[in-house]
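# Structural characterization, general
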There are 2 protein chains.
Amino acid sequence: MSTSQAPALSPTPRSTPTRKPHRYATDRDALHKVLDAALVCHLGLIVDGAPVVLPTAYGRDGGTLYLHGSTGSGNVRAAAEGTDVCVTVSVLDGVVYARSLNNHSMNFRCAVVHGRTRAVTGDDERWHALRVISEHLSPGSWDYARTPSPKELAGTLVYAVDLGEASVKIRAGAPGEDEADLDAHDVWAGVLPVHTTFGEPVTADYVPKGVAVPAHVADRVTDRTVRPPS
Amino acid sequence: MSTSQAPALSPTPRSTPTRKPHRYATDRDALHKVLDAALVCHLGLIVDGAPVVLPTAYGRDGGTLYLHGSTGSGNVRAAAEGTDVCVTVSVLDGVVYARSLNNHSMNFRCAVVHGRTRAVTGDDERWHALRVISEHLSPGSWDYARTPSPKELAGTLVYAVDLGEASVKIRAGAPGEDEADLDAHDVWAGVLPVHTTFGEPVTADYVPKGVAVPAHVADRVTDRTVRPPS
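Here goes a summary of the coordinates provided. This one's a predicted model, so the numbers in the text were calculated from it and none came from an experiment. (Residues numbered from 1 in each chain as written. Chains lettered and ligands numbered in written order. Predicted model: local features only at pLDDT ≥ 70, side-chain atom pairs only at ≥ 80, totals over all residues. Heavy atoms only, no water.)

What follows is about the relation of the copies chain A and chain B. At an RMSD of 0.0 Å, chain A and chain B line up after a rotation of 180° and a shift of 0.0 Å along the axis. Interpreted geometrically, this transformation is the action of a two-fold axis. Residues of chain A ranked by C-alpha distance from the rotation axis are headed by Thr196 of chain A, positioned 2.2 Å from it. In this assembly, 100% of the residues forming the interface of chain A have copies in chain B that are likewise at the interface, indicating an isologous arrangement. (Least-squares fit on C-alpha atoms with pLDDT ≥ 70 in both. Contact = heavy atoms within 4.5 Å.)

The structure is reproduced here in structure tokens:
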């Protein structure tokens, strides 16, 4: 039994691990941490009977994932109208070099969410969802930039996925080795970390000199890391 | 007409852009560059009637994408037996801060491959495919680490996807702005670059002191960037 107060994950067969159970987190906090660690998700849906996977922005508010897109995109229209989706968020943390190729691997954090989309149509929830998505990608922009006009809102579809059915898989640390390979003392093994960082902001050429990079952008550079592993 | 000698992309309705056509590359070289720029793809398939999206390693040889996985994974068995998939590779290059929230965006490179998997069962092609996948994730390891044993090979499924049907979407450069927002002279706008880099290798604690980090690992750190934008 989990000691966490959050409900356990993996309530259904497709979100229950069938192998390497030690790599699966079982509490909702772990799911939220992975979802909060990346900027882009990969949205999977079925269009004309075939799978389609698209990278897209998202945001999380409690147990709800919000997504959005243009009314001009057929894939977005298909996703937003209430359909089965899989939303996967993965962060690559390292390349794992073992003494055998079979034990080469990657360190990563991955959340796989299964659910059915719900179109977000009420004005209040749409506005809230757009703010959640915006603050996930570019924290601070909502209070700094021009908010959406009625025409822009009319061109935007917003939809939600409940986080009830999900799995979280994490690999971290040193290579795994077969017993026999531990005797290959002259062969190097280890991990090559992969970092995702922010570079120096590039100001658009139509911005007058003297307009400083605002703190909500500049502070992300100071942090360097997009989101630290947690 | 393309001046490239490589065949044009987008031969089918689902791989033909319906909006923002200027963001779509139309030649096969652009597809290959995006596929070669990332370490992980997101594989989409249909399992029990619902979409599933999983991050996984891959490698490319000419017009063929190779993937692999464990015989112990139900999702891998489903993917490898000859089924419709969508393989998406995306690289995030920056967060785009416009003067309006509606024009906030991301700079990215994205390839979406539609196809049907083909199980790779012949010994020679299986060995070749595993080498291609290995050299994509960790170049140099194939000639350095212990190659797969017959038992390890028996536990591995290898499959291929033809790169014939694909689309490539790229956004780069400054924010797009609505005409009216260009007058908001006191509002900053620009791009916050996102970089993916390698950190210093972490040697496993069972490796004796004196065993140096081999060049095929150490040289990646010198390069820093996982793959440069091209």
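Let us keep going from here.
Take the interface of chain A and chain B next. Each partner contributes to the interface: chain A provides 90 residues, whereas chain B provides 90 residues. Taken together, the two surfaces of chain A and chain B that pack against each other cover about 6800 Å², and 66% of this comes from carbon and sulfur. Our enumeration of links across chain A and chain B arrives at 4 salt bridges. Here Arg146 of chain A makes a salt bridge to Asp181 of chain B, at a shortest N to O gap of 2.8 Å. Remark: the boundary between chain A and chain B carries 29 residue pairs in polar contact (both at pLDDT 80 or more). Sorting the residues of the side of chain A that touches chain B by element identifies strand E2 (41-47), strand E3 (50-56), strand E6 (84-97), strand E7 (105-116), helix H3 (123-137), strand E11 (190-198), strand E12 (202-203) and helix H5 (215-223) of chain A as the ones contributing at least two each. (Buried area = accessible area lost by both parts, 1.4 Å probe. Salt bridge = Lys/Arg side-chain N within 4 Å of Asp/Glu carboxyl O. Polar contact = N/O pair within 3.5 Å; in protein donor to acceptor, adjacent residues only side chain to side chain. Helix = DSSP H or I, 4+ residues; strand = E, 2+ residues; numbered from the N terminus.)

Two orientations exist for strands paired in a sheet by backbone hydrogen bonds: parallel and antiparallel. Residue and element names in this part refer to chain A. Read from one edge of the open sheet, 4 strands run E4-E5-E9-E8, paired in antiparallel fashion. With one partner strand each, in any of the chains shown, strand E4 (59-61) and strand E8 (118-119) form the two edges of the open sheet. Pairing of E8 with strand E9 (residues 156-162), which is carried by 2 bridges, proceeds in the antiparallel orientation. Across the sheet, the residue bridging to Ala119 is Tyr159, located in E9. Contacts from H3 reach E4, strand E5 (64-70), E8 and E9 within the one sheet, and its direction differs from that of E5 by about 90°. (Pairing = 2+ DSSP bridges. Axes fitted to C-alpha atoms, helices over the stretch in contact; angles between N-to-C directions.)

All names here are of chain B. What the 4 strands build is an open sheet, ordered E4-E5-E9-E8; its pairing is antiparallel. A strand with exactly one partner marks an edge of an open sheet, and here the two such strands are strand E4 (59-61) and strand E8 (118-119). Strand direction decides the pairing type here: strand E5 (residues 64-70) and strand E9 (residues 156-162), joined by 7 bridges, are antiparallel. Across the sheet, the residue bridging to Leu67 is Tyr159, located in E9. Along the sheet face, helix H3 (residues 123-137) touches E4, E5, E8 and E9 and points at about 90° away from the line of E5.

All chains considered together, the criterion is met by 18 salt bridges over all chains. Between Arg146 of chain A and Glu152 of chain A there is a salt bridge whose closest N-O contact spans 2.9 Å. Overall, the relative accessible area of 9% leaves Glu152 of chain A in the buried class. The salt bridge partner of Asp84 of chain B is Arg116 of chain B, with a shortest N-O separation of 3.2 Å. Of this pair, Asp84 of chain B sits in strand E6 (residues 84-97) while Arg116 of chain B sits in strand E7 (residues 105-116), placing them 32 residues apart in sequence. Using a relative accessible area of 52% as the deciding quantity, one classes Arg116 of chain B as exposed. (Buried < 20%, exposed > 50% of the residue type's maximum accessible area, 1.4 Å probe, protein only.)

Residues and elements named next belong to chain A. Here helix H1 (residues 28-37) lies mainly inside the structure; 7 of its 10 residues are buried. Turning to H1, its buried residues are Arg28, Ala30, Leu31, His32, Val34, Leu35 and Ala37. Near the N-terminus of H1, the side chain that reaches the backbone nitrogen of Asp29, with its oxygen 3.3 Å away, is that of Asp27.

All names here are of chain A. One can find Arg99 in the loop between E6 and E7. For the buried Arg99, which has no salt bridge, the nearest side chain bearing the opposite charge is Glu177, at an N-O separation of 4.8 Å. One polar contact links the side chain of Arg99 to the main-chain carbonyl oxygen of Ala184, over a distance of 3.1 Å. (Lys, Arg positive; Asp, Glu negative; His and termini not counted.)

Now for unusual backbone geometry. Residue and element names in this part refer to chain A. Unlike most non-glycine residues, Asp48 shows phi in positive territory, near 50°. Tracing the backbone shows Asp48 in the loop between E2 and E3. Judged by its relative accessible area of 80%, Asp48 falls in the exposed class.

Interpretation in functional terms is not warranted from these geometric data alone.
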